[in-house]
Amino acid sequence: MTRFNHLPSLLVFGPQTRFPSQEVLEDLRRELVNNPLLAVLANAATELPQFWETLVESDESLQLIPGTKYLNELGQWVKEGGPFPNQNISPNIYALPATILLQITQYTRYLRHLGDDSHRQVLESVKTAGIQGLCVGSISAAVVASSKTEADIGPAATAGLRLALAIGAYVDLDHISEYIDGFTCIAIRWREGNAEEKARIDTIIQSYPEAYISSINDSASVSVTLRTEDLGSFVQQIHKRSFQAATTSVNGRFHTSAHSDASIKLAKLGLKTEALRLPEAGMLLVPLRSTADGKIIREGSLTEFVIRNTLLKPADWYMTMKESTLQLPHSNITVVSAGFGNNIPPSLIRDAYFHVLDLGGTKKGKQYTNS
C-alpha cells in the first residue's frame, strides 16, 4: 500500500473537474493562507480583479464576460472563507484559476508531510518520468517542474494563476458568442481492443456539426465536446449502442483550432506582459511532455506551451501518460496525482507494482493500488 510519505516516480496534475466538498475546499483554503511560502499566491488571487481590467484593456471583446464579479468572489473566499462560490456551476474564468490555487496547495501540503528539502527530493525522484499535466493541469505542471525550490513555487504560480484566468476568459467568450447554449463535454468508453466499436463512435461524432474529440483519456476512452443543444440526442445514440457515457463539468470548447485567433492574441500578450510569463522550456528541471503528441518539451516558451495544450491542440493524455510510465522499471511505481477525480488512465495501472496516491479529497490524500 502506498504511504503518504512516499516519493513519487511520476507527478501528475489533472484537468479542471467538479469541485469537492465544502469541507475539503475550506481545508485547502486554510492551507493556502497559512503557508508563508504561498502568501504571494494567495495575495495574487485577491488581486485578480485588477489584472482582469488589464486584460480587458488589451482586448475589449472580453467586456462581454462578467469577470470582475466572479474574480471578486474568488478573492473574497480566499481571504475570508465561507461557502465556496459557484461550486456547482462555474465559468472558466473562475474555475481555472481556482483549480490552480487548489492544485498548488495540494502539492505544497504534500511537501510539508514529506519533510525538509522535499521539493528537491521530489524532483530527483521524478527525473525519469517527469511531471505531467492535462489541460489546466499543464500550468501547475510547468510551474512545479521549473521551480528549483519550494520557495520558488508560489511566485511562479502567480503567473500561472493569471494565465489560467486569461485562458478561461477566452473559452467563456467563445462559449457565449457561438451558440445560445454553448458547448459541453462528455466522456465515452467502449470495450478495450474493439476497433469496430471505436469506428461506430467515430461515425456518431461525425454526424454532429461542431462535435470533436477533445481528449483521448485511455486506450478505450475519449472526451467529446459538442453543442449543448445536441447533447441529449448524442447520448441517446451512444446508449443505444451500449457504450458508456458520462457528462463532465467542463463547459465550453478546449483543445480546438477554433481558438486559433485567441491563442495568437494571448501568446502575443504573454510576450509583453511579465505577469503572464512562465519560464522558458530550458528552465525545466524534469521532463514535461506535450499532451498534443506525448513528446518532451525541450525549447520555447512555457507560456505558449500551456496555451497550445489547453486552448488549441486536442489532448492525447493516454499517450502522454504511457510514454511517461514506459520510462519506469516495472516495480514499485508510485504516481502522485494532484487535482480531483481519477487522473490516471485505468489501463495503465492494472499491474500490482503500480500505486497511485491521490492528493484530492482528504488532508492526507487517498491511496489505491491494483494489488
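Below: a short report on this structure.

Calculation criteria
Residues numbered from 1 in each chain as written. Predicted model: local features only at pLDDT ≥ 70, side-chain atom pairs only at ≥ 80, totals over all residues. Heavy atoms only, no water. Pairing = 2+ DSSP bridges. Helix = DSSP H or I, 4+ residues; strand = E, 2+ residues; numbered from the N terminus. Contact = heavy atoms within 4.5 Å. Axes fitted to C-alpha atoms, helices over the stretch in contact; angles between N-to-C directions. Buried < 20%, exposed > 50% of the residue type's maximum accessible area, 1.4 Å probe, protein only. Salt bridge = Lys/Arg side-chain N within 4 Å of Asp/Glu carboxyl O.

Regarding the sheet that holds strand S6 (residues 244-251)
No. 1: An order of S6-S3-S5-S4-S7 is seen for the five strands of this open sheet, with the pairing classed as mixed. With partners counted over all chains shown, the strands left at the sheet margins are S6 and strand S7 (315-316), one partner each.
No. 2: Note that strand S3 (residues 183-189) and S6 share five bridges and pair antiparallel. Bridge pairing in S6 places isoleucine 186 opposite threonine 247.
No. 3: Contacts from helix H9 (residues 195-206) reach S3, strand S4 (212-218) and strand S5 (221-227) within the one sheet, and its direction differs from that of S4 by about 150 degrees.

So, the pairing of strand S9 (residues 354-358)
No. 1: Of all five residues that make up S9, five are buried, and the element is covered over most of its length.
No. 2: The sheet contact formed by strand S8 (residues 333-338) and S9 spans five bridges and is parallel. Note that in S9 the partner of valine 336 across the bridge is leucine 357.

What about the pattern of salt bridges?
No. 1: Counted by the stated rule, this structure contains 15 salt bridges.
No. 2: Residue lysine 69 is joined to glutamate 73 by a salt bridge in which the shortest nitrogen-to-oxygen separation is 3.1 Å. Residue lysine 69 and its partner glutamate 73 are located together in helix H4 (residues 67-80), separated by four residues, close to a single helical turn.
No. 3: Using a relative accessible area of 23% as the deciding quantity, one classes glutamate 73 as partly exposed.
No. 4: One salt bridge in this structure joins arginine 200 and glutamate 196, with 2.6 Å as the shortest N-O distance. Residue arginine 200 and its partner glutamate 196 are both found in helix H9; the two are separated by four residues, about one turn of the helix.
No. 5: Residues joined in a network through salt bridges with shared partners are Glu26, Arg29 and Arg30.

What to know about unusual backbone geometry
No. 1: The backbone phi angle of aspartate 117 is positive, close to 60 degrees, even though this residue is not glycine.
No. 2: Turning to its location among the elements, aspartate 117 is positioned in the loop between helix H5 (92-114) and helix H6 (118-125).
No. 3: By relative accessible area, aspartate 117 is classed as partly exposed at 44%.

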